[in-house]
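The chain contents come next:
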Amino acid sequence: MMKIDDSLTPKPDGDDAKVRAQATQAAEKFESFFIGQMLHKMRASTRELAGDDSPFKDKVNEDMQDFADNQMADSIAGQHAFGIADVILKQLLPGNRVP
């Protein structure tokens, strides 16, 4: 029979700070990715609707807007504003309080 490595699984009797920190970081990264994708899709549709002489069609502006969208996504995810990270943490760390 194959033994399962449960070294990173939180124990029900205590709160493992390392696992909690890793789970929180992963949940926030996923929320940031989700928000970033949403912002990129919204920005792409704005570019499609913009006229040919619009600043939204400029490649330099496009790169800077993409960078700003990524920074905004990280900031929003760090605040757990959409609640996606909280839901993930509830699944990963059952019985523990979400920060």
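Heads up: the structure comes first, above all this text.
Computed from a predicted model, the values in this text were never measured in an experiment.

Criteria and cut-off values
- Residues numbered from 1 in each chain as written.
- Predicted model: local features only at pLDDT ≥ 70, side-chain atom pairs only at ≥ 80, totals over all residues.
- Heavy atoms only, no water.
- Helix = DSSP H or I, 4+ residues; strand = E, 2+ residues; numbered from the N terminus.
- Buried < 20%, exposed > 50% of the residue type's maximum accessible area, 1.4 Å probe, protein only.
- Contact = heavy atoms within 4.5 Å.
- Areas by Shrake-Rupley, 256 points an atom, 1.4 Å probe, with all protein chains shown as cover.
- Axes fitted to C-alpha atoms, helices over the stretch in contact; angles between N-to-C directions.
- Left-handed = near helix turned anticlockwise from the far one by under 90°.
- Expected span 1.5 Å × (residues − 1).
- Core = buried A, V, L, I, M, F, W, Y, C linked by side-chain atoms within 4.5 Å.
- Polar contact = N/O pair within 3.5 Å; in protein donor to acceptor, adjacent residues only side chain to side chain.
- Patch = residues over 30% accessible without salt bridge, like charges linked within 9 Å, V, L, I, M, F, W, Y side chains within 5 Å.
- Salt bridge = Lys/Arg side-chain N within 4 Å of Asp/Glu carboxyl O.

1. What to know about the overall build of the chain
Each helix and strand counted, the chain has three helices and zero strands in total. Put simply, the chain runs from its N terminus to its C terminus through helices and strands in the order α-α-α. Considering the chain as a whole, with its 99 residues, one finds that 23% of them fall into the buried category. Taking the intrachain contacts of the chain between residues at least 6 apart in sequence as the baseline, contacts between residues at least 24 apart amount to 66%. Split by element, the accessible area of the chain, about 7,400 Å² in all, is 59% carbon and sulfur.

2. With respect to the packing of helix α1 (residues 17-49) against helix α2 (residues 59-78)
Interaxial distance between α1 and α2 falls to 8 Å at its minimum, and their mutual angle equals 145°. The chirality of how α1 crosses α2 is right-handed. Taken together, the residues of α2 that come into contact with α1 (itself represented by Glu28, Glu31, Ser32, Ile35, Gly36, Leu39, His40, Arg43 and Arg47) are Glu62, Gln65, Asp66, Asp69, Asn70, Met72, Ala73, Asp74, Ile76, Ala77 and Gly78.

3. Let's talk about α1
Taking 1.5 Å per residue as the helical rise, α1 with its 33 residues ought to reach 48 Å, and the 48 Å between its terminal C-alpha atoms agrees with that figure. When we look at burial in α1, the residues that qualify are Val19, Arg20, Ala23, Thr24, Ala27, Glu31, Ser32, Ile35, Gly36, Leu39 and Arg47. Of the surrounding secondary structure, the elements contacted by the buried residues of α1 are α2 and α3 (84-92).

4. Quick look at the nonpolar core
In terms of nonpolar packing, the biggest core is built from six residues, these being Val19, Ala23, Ala27, Ala85, Leu89 and Leu93. Secondary-structure elements contributing two or more residues to this core are α1 and α3. Examining the composition of this core, we find that three residues originate from one element, α1, more than from any other. If you look at the next biggest cluster of nonpolar residues, it comprises five residues, including Ile35, Leu39, Ala73 and Ala77.

5. Considerations on the side chain of Thr24
When you line up the elements, Thr24 lands in helix α1. Among the residues examined, Thr24 registers a relative accessible area of 14% and is labelled buried. Of the polar contacts made by the side chain of Thr24, one reaches the backbone oxygen of Arg20; its length is 2.8 Å.

6. Focus on a nonpolar patch on the surface
Together, Phe30, Phe33, Phe34, Met38, Met42 and Phe82 line one region of the surface with nonpolar side chains, adding up to about 600 Å² of accessible area. Assignment of secondary structure puts Phe82 in the loop between α2 and α3.

7. Considerations on the pattern of salt bridges
Within this structure, the stated rule accounts for three salt bridges. With its nearest N and O atoms 2.8 Å apart, the salt bridge here joins Arg43 to Asp69. Taken as a pair, Arg43 in helix α1 and Asp69 in helix α2 lie far apart in primary sequence, 26 residues in all. A salt bridge links Asp66 to Arg47; its shortest N-O distance comes to 3.3 Å. Here Arg47 lies in helix α1 and Asp66 lies in helix α2, a separation of 19 residues in the sequence. We classify Arg47 as buried; its relative accessible area is 12%. Via salt bridges that share partners, Arg47, Glu62 and Asp66 belong to a single interconnected network.

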